[in-house]
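Observations on the model geometry
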Amino acid sequence: MIDIIEKESGRPLFILNTANTTYAFKLLENGTLEHLYYGPAIDVTSSDGLCEHHAFPPGNSSIYSSLYGNFSPEDMRYEYSTPGKGDIREPMIEAVYADGSRTTDPVYDSYELVSGKPELGTMPSSYGKDDEVESLVISLKDRNGTLKFELIYSVFEAADVICRRLKIVNKGDGSVRIEKALSMQLDMDPGAYVFHSFTGAWAREMRKSDIALKAGKVSLCSRTGSSSNRANPFFMISEKGTTEDCGICYGFNLVYSGNHYEAAERSAYGKLRVMSGISPEGFEWILDKGEIFETPEAVLCVSDRGFGELSRRLHRFVRDHIVRGRWQHKNRPVLLNSWEAAYFDISESRLVNLAKKAKAAGIELFVMDDGWFGKRDDDTSSLGDWYVNKKKLPHGVKGLADKITELGLKFGIWVEPEMVNEDSELYRAHPDWAMRIPEQEHSTGRNQMFLDLGRKEVQDYVIDSMKELFSSADISYVKWDMNRNFTDVYSAALPAERQGEAAHRYILGLYRVMQTLTGAFPAILFEGCASGGNRFDLGILSYFPQIWASDDSDAIARVQIQEGYSYGYPQSTYTAHVSDVPNHQTLRRTPFETRFNVAASAVLGYECNLSDLSSEELEAIKEQVTLYKKWRTVLQFGEYYRGKGFKDAADKDVLESDDNVDAEWTIVSPDGNKAVCVVLQQLVHPNTQWLKLTPKGLDAKKKYRIRSRVFKTNLKDFGGLVNYVAPVHVRQDGAIHNILAKFVKMETEKESHVMSGSALMRAGLKLKSAFSGCGYSDDMRFYPDFASRMYFIEAQEEKDEGTDKPE
């Protein structure tokens, strides 16, 4: 709800209220906008007490003008900022005019209330029904008469989210060069703040880092041409001392997939300026007379109940107001991807055999990954040549798809439409379509180049070739990959003075391609991928409802990666696969059940070579898939609660801890009646039998039954210890050992308890003891390195005492 109070000296006070938060700012006498407050909901009836009071400007500072000599812009909280008028902090907007001057002086002109949201034509943005979102458009005019600005605020009341963006219109006679146009600025009171970012690299995305904001500026940016795995556009600011469940914290994100920039700057007077938008590094945009430039949309959210509630508010917002289309709230299928089973060495018979195994295991979707087109036997050729390799698929994509669907599976396919190899028919026909500097050696990545999607004819080629492919067979799923970063950024279609526009124009072209194809094929489930998480952002999620979170499928690495994503993105948006061991990225061996427990906490898939697995392993997958389907709605769309955060085992002193948990998380159905809780350890802590389960998010007044998942362990996991009870000596890995392991199966411990929600969350459930080297029974927990457990929690009716039979 947006309230506007205009009785104060004729200068309006703007109050943007959501269900639990308030955002307020006011028009100052000099025509600028003073930011007053953003935080937990407060009752604002006037600006009295919220506005700053200045009698004189600080020493060694500048004033806005002689009419307003009592304050310095450097020591004010503003809704926007520009250089040249005394505010020497980082500006939100920078422009260069025809005479070379760089001072921009926007002042208030008018406002407009809009039911719903104004259109953002060239880029994706959040959306909602007219009764879900209300917008405020503040019009500013430059005192020199050249530029007009619009600050656009969209308030999602129920979601507790406010979105911001900027629109610039050239009203003058000449061109203006825009060098910086960020999407939002938030000036905050002095205080002790911490900046939380999510950085990393290939195979280790979304590592959370925390920096105390004591002085100066902390910034993040991407220059990869994408939102990047080096620095995700999502970040947080918290008050010092904020925890998972208490304290004030702010979350910020950007609905954009290209180079981005985030900064938090402490002024000389302790105030904090937070900014986000398109990265100004390498960016320029020439705005001719009458033209419009619009920034991507920024997303703002605040919680006074810690990081956990901030995350859940953002999760609901992304699910309801970013993701769209048929798959928005629809359960996602369990898939098998062919990549790690075959890499480029695919054939119709090999893929069909894999699919038959998948069907027998209950898997629903089979995906043919890279290697099916052109002369694609490795990564050096054929990108851009989207015709089938008949040596590998003699009956074409349709022939393979028909065989897969006849098995009762859905069929999916891998593409990388944004790229071209130099060794390709497309490049030989259209070398100027590649993004590279003419007559210079090009720096490639993965032996490939970007197609210049800033050009409409290139966009049309991609659209037409993908339409032909997607229409050629019964295709239910598309994995859309993008496997390199920008280098030698240049567009042959742009003049020299406009080359600073090339990277942003690429993203605009990409959005047109995605919009067209998802509109033409609404039933296809599209999954984004960019060497894993190199383009995981709200822009891509506006078209593709899920994204491959990381090329690293190692379960232990994935715990940290998925925990990082969970701060800003719901688990329905990131996918995870159970893969073979040793893992292909880390060579680590982790238990089969841990691989499942971690992958099942996202959108589950498999990437094993099912043709090489034993019947016992295939049966285990079948049991996993059956279980996942039963709990899929909770796991994909439930409310996510982080428990003990993931950390290196070496950093933990088990004797100083109240449990033996290295990571814990709970996913709860929206009605609070069902939940799944996972606990995991990295390395065994010797002689520690104790483990306490402490789920979160339950209804304190309800009674719940908690059950463990019972599965079989391999006798060989005990090694030579079998001789402690064997009547004859059993040589480890010998014939007798293998025969015993085949016929003697050991079930894990059974847990079944009834407790109140309050007891579970506050006192915790004390679980059966772990093996600690002093005996073993089937009532003990087999809990080696990298072990985990998944527990299922269901609300009980008063008359229902439940059953001790585990799931």
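What comes next concerns the included structure. None of these values were measured; they are calculated from a predicted model.

1. Some remarks on a negative patch on the surface
A grouping of D130, D131, E132 and D320 is seen on the molecular surface, where their side chains present a negatively charged patch. Mapped onto the secondary structure, D131 falls in the loop between β6 (106-115) and β7 (133-142). Residue classification places D131 among the exposed residues on the basis of a relative accessible area of 70%.

2. Points about the pairing of β7
Along any regular strand the residues' side chains alternate between the sheet's two faces. Within β7, eight of the 10 residues are buried, leaving the element largely enclosed by the surrounding structure. Across nine bridges, β7 lies against strand β8 (residues 147-156) in antiparallel orientation. Among the inter-strand pairings, S139 is bridged to a residue of β8, identified as E150. From the end of β7 to the start of β8, which pair antiparallel, there are four residues, and G145 there has a positive phi angle of about 85°.

3. Details of the pattern of salt bridges
For the structure shown, the criterion picks out 56 salt bridges. The partner of D87 in a salt bridge is R89, with the nearest N and O atoms 3.0 Å apart. Judged on exposure class, the residue D87 and its partner R89 are both buried. One salt bridge connects D423 with R428, and the closest N-O pair in it is separated by 3.2 Å. A cluster of three or more residues bridged by salt bridges with shared partners is formed by D160, R305, E309, R312, R313, R316, R319 and E639.

4. Thoughts on the side chain of E664
Here E664 is to be found in strand β32 (residues 663-668). Looking at E664, its side chain comes within polar contact range of the main-chain nitrogen of T694, at 2.9 Å. The residues contacting E664, other than those within four sequence positions of it, are R642, G643, K644, C677, V678, V679, L693, T694 and P695.

5. Some points on the layout of surface pockets
Size it by volume and the largest pocket reaches roughly 1200 Å³. Residue lining of the largest pocket: 36 residues in total, with F592, E616, K712, N714 and D717 positioned closest to the centre. Those elements giving two or more residues to the lining of the largest pocket turn out to be α10 (592-599), α11 (615-637), β36 (712-714), α12 (735-743), β37 (745-747) and β40 (788-795). The element that contributes the greatest number of residues to the lining of the largest pocket is α11, accounting for five residues. When grouped by side-chain class, the residues that make up the lining of the largest pocket number 12 nonpolar, eight polar and 16 charged. The volume enclosed by the second largest pocket comes to roughly 640 Å³. Lining the second largest pocket are 34 residues, with P124, R324, Q515, S542 and Y543 sitting closest to its centre. Per-element tally for the lining of the second largest pocket: the top contributor is helix α7 (residues 502-520), with nine residues. When the residues that make up the lining of the second largest pocket are grouped by side-chain class, the tally is 14 nonpolar, 14 polar and six charged.

6. Structural notes on the sheet that holds strand β35 (residues 703-708)
Read across the open sheet, the six strands follow the order β31-β32-β33-β40-β35-β38; overall the sheet is antiparallel. On the outer flanks of this sheet lie β31 (639-642) and β38 (752-756), each paired with one strand and no other. When the angles between neighbouring strand axes are averaged without regard to direction, this sheet yields 20°. Examined bridge by bridge, β35 and β38 share five bridges and lie antiparallel to one another. Bridging from a neighbouring strand, K703 pairs with S756 of β38. Each of β32, β33 (674-680) and β40 touches α10; the most contacted strand, β40, lies at about 50° to it.

Cut-offs used in this document
- Residues numbered from 1 in each chain as written.
- Predicted model: local features only at pLDDT ≥ 70, side-chain atom pairs only at ≥ 80, totals over all residues.
- Heavy atoms only, no water.
- Patch = residues over 30% accessible without salt bridge, like charges linked within 9 Å, V, L, I, M, F, W, Y side chains within 5 Å.
- Areas by Shrake-Rupley, 256 points an atom, 1.4 Å probe, with all protein chains shown as cover.
- Salt bridge = Lys/Arg side-chain N within 4 Å of Asp/Glu carboxyl O.
- Lys, Arg positive; Asp, Glu negative; His and termini not counted.
- Charge placed at Lys NZ, Arg CZ, Asp CG, Glu CD.
- Helix = DSSP H or I, 4+ residues; strand = E, 2+ residues; numbered from the N terminus.
- Buried < 20%, exposed > 50% of the residue type's maximum accessible area, 1.4 Å probe, protein only.
- Pairing = 2+ DSSP bridges.
- Polar contact = N/O pair within 3.5 Å; in protein donor to acceptor, adjacent residues only side chain to side chain.
- Contact = heavy atoms within 4.5 Å.
- 1 Å grid on protein atoms, 1.4 Å probe; cavity = no way out; pocket = protein on both sides within 12 Å on 5 of 7 lines; lining within 4 Å.
- Points joined across faces, edges and corners; volume = space filled by probe spheres on them.
- Nonpolar A, V, L, I, M, F, W, Y, C, P; charged D, E, K, R; others polar.
- Axes fitted to C-alpha atoms, helices over the stretch in contact; angles between N-to-C directions.

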